[in-house]
Amino acid sequence: MVSDTIFPGPDFFERARARRGRVVLPEVDDPRIQEAARMLRDERIAEPILPDPAASTKLEDYAALFPGNPKVARRAVQKPLFHAGMMVRAGDADAMVAGVAHPTARVLEAGMLTIGLAEGIRTPSSFFLMQWPDRALLFADCAVNPDPDADALADIAIASAASWRALMGTDPRVAMLSFSTKGSASHPRVDKVQQATGLVRERAPGLFVDGELQADAALVESVAARKAPGASEVAGRANVLVFPDLDAGNIAYKLTQHLGKARATGPILQGFAKPISDLSRGASVDDIVATAAVLMALA
């Protein structure tokens, strides 16, 4: 029996059960995947698909949709990750959960060549949903882009805002994080975050975004009042934290998870045309089921 209390929250599970979407799990030989598939089916969270490319009757159909040389396409769609991605692209599955047996680079490659990016997005990225009993935050990017430039950072912020709205149903308040708040320090890394903030405002003028902000100014209203005085819908009230690079994002989510006792669900890939995840290779069965429930909320 699945206990919703150890997962992202009952609402995700209720939404997933109401939708009963199809999630493809291509790493079929991993015992964790097999157990997660059983739990998803037994608890009616999603309809799991454990594909066997060798037995598929749709290889030619998928190869026809795959970009590039037909001979290469036929070989590619017989590989588990690519086959699963083509299932999502063709509408034979609603989302793909992978990563327990493949590194991030392989999952990204498959996603880019099969599912593709959402309109207007040039940079795929990832997020973690960090949850406590009384609060949730979205952290990005924590798994994909080592050192995004200002343009890529703006893409990450816009995609993260869309992910928050889809998952939580409330307005995203996006903080562009730095070691500086509103010019308190001068450095090229600060300049990058300032430029990215400006690009987000140009591309998504209705979005609540502010930067550059230190983490305390983003999260604590009393600190924001001192460090970032003035009208802001974000400072002290942020729910989406965009980190300046992968060092900061990856370290932050793991510290928050292990010292702050947050439930970390992800990484969920974002910026793609359809939902896809990149699980940690250390993911537990509970992590896999939780991730599938979140993806159903995004599907």
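Scroll up to find the structure.
Residues numbered from 1 in each chain as written. Predicted model: local features only at pLDDT ≥ 70, side-chain atom pairs only at ≥ 80, totals over all residues. Heavy atoms only, no water.

1. Notes on the overall build of the protein
Right, so step 1: Across its full length, the protein holds 12 helices and 10 strands.
Right, so step 2: The C-alpha atoms of the protein give a radius of gyration of 19 Å, which matches the 19 Å a tight globule of 299 residues would have.
Right, so step 3: A burial count over the protein gives 54% of its 299 residues as buried.
Right, so step 4: For the protein, the share of sequence-separated contacts (at least 6 apart) that also reach a separation of at least 24 residues comes to 71%.
Right, so step 5: Total accessible area on the protein is roughly 12,900 Å²; 52% of this is exposed by carbon and sulfur atoms.
Right, so step 6: Of the side-chain charges in the protein, 33 are positive and 36 negative, and the distance between the mean point of each set is 1 Å. (Helix = DSSP H or I, 4+ residues; strand = E, 2+ residues; numbered from the N terminus. Rg over C-alpha atoms; globule rule 2.2 N^0.38 Å. Buried < 20%, exposed > 50% of the residue type's maximum accessible area, 1.4 Å probe, protein only. Contact = heavy atoms within 4.5 Å. Areas by Shrake-Rupley, 256 points an atom, 1.4 Å probe, with all protein chains shown as cover. Lys, Arg positive; Asp, Glu negative; His and termini not counted. Charge placed at Lys NZ, Arg CZ, Asp CG, Glu CD.)

2. Overview of a positive patch on the surface
Right, so step 1: There is a patch of like positive charges on the surface, built from K71, R74, R75 and K79.
Right, so step 2: Relative to the elements of secondary structure, K71 occurs in helix α4 (residues 70–76).
Right, so step 3: On the basis of relative accessible area, K71 is assigned to the exposed category, the value being 55%. (Patch = residues over 30% accessible without salt bridge, like charges linked within 9 Å, V, L, I, M, F, W, Y side chains within 5 Å. Salt bridge = Lys/Arg side-chain N within 4 Å of Asp/Glu carboxyl O.)

3. Brief notes about the environment of V285
Right, so step 1: If you trace the backbone, V285 turns up in helix α12 (residues 285–298).
Right, so step 2: Sequence-wise, V285 and M39 are 246 residues apart; in three dimensions their C-alpha atoms are separated by 8.9 Å.
Right, so step 3: The residues contacting V285, other than those within four sequence positions of it, are R32, E35, A36 and M39.

4. Focus: the sheet that holds strand β8 (residues 240–242)
Right, so step 1: The mixed open sheet is built from 10 strands, whose spatial order is β2-β1-β3-β10-β9-β4-β5-β8-β6-β7. Either end of the sheet is taken by a strand with one partner, and the two such strands are β2 (47–49) and β7 (208–213). On average, adjacent strands in this sheet sit at an angle of 25° to one another, irrespective of strand direction.
Right, so step 2: When strand β6 (residues 173–177) meets β7, the two strands line up parallel, connected through five bridges. Each residue of the ladder has a partner; that of R173, found in β7, is F208.
Right, so step 3: Strand contacts of helix α8 (residues 188–203): β6 and β7, with the helix running at about 170° to β7, the strand carrying the most contacts. (Pairing = 2+ DSSP bridges. Axes fitted to C-alpha atoms, helices over the stretch in contact; angles between N-to-C directions.)

5. Details of unusual backbone geometry
Right, so step 1: Of note, the amide linkage connecting A140 to D141 takes the cis form, showing an omega dihedral of -15°.
Right, so step 2: Along the polypeptide, D141 turns up in the loop between β5 (135–140) and α7 (150–168).
Right, so step 3: Along the chain, G266 connects to P267 via a cis peptide bond; the corresponding omega equals 0°.
Right, so step 4: As for its placement among the helices and strands, P267 is situated in strand β9 (residues 263–270).
Right, so step 5: The phi dihedral of K182 is positive, around 50°, even though this residue is not glycine.
Right, so step 6: For K182, the location among the structural elements is in the loop between β6 and α8.
Right, so step 7: Judged by relative accessible area, K182 falls into the partly exposed class, the value being 42%.

Just distances and angles here, no functional claims.
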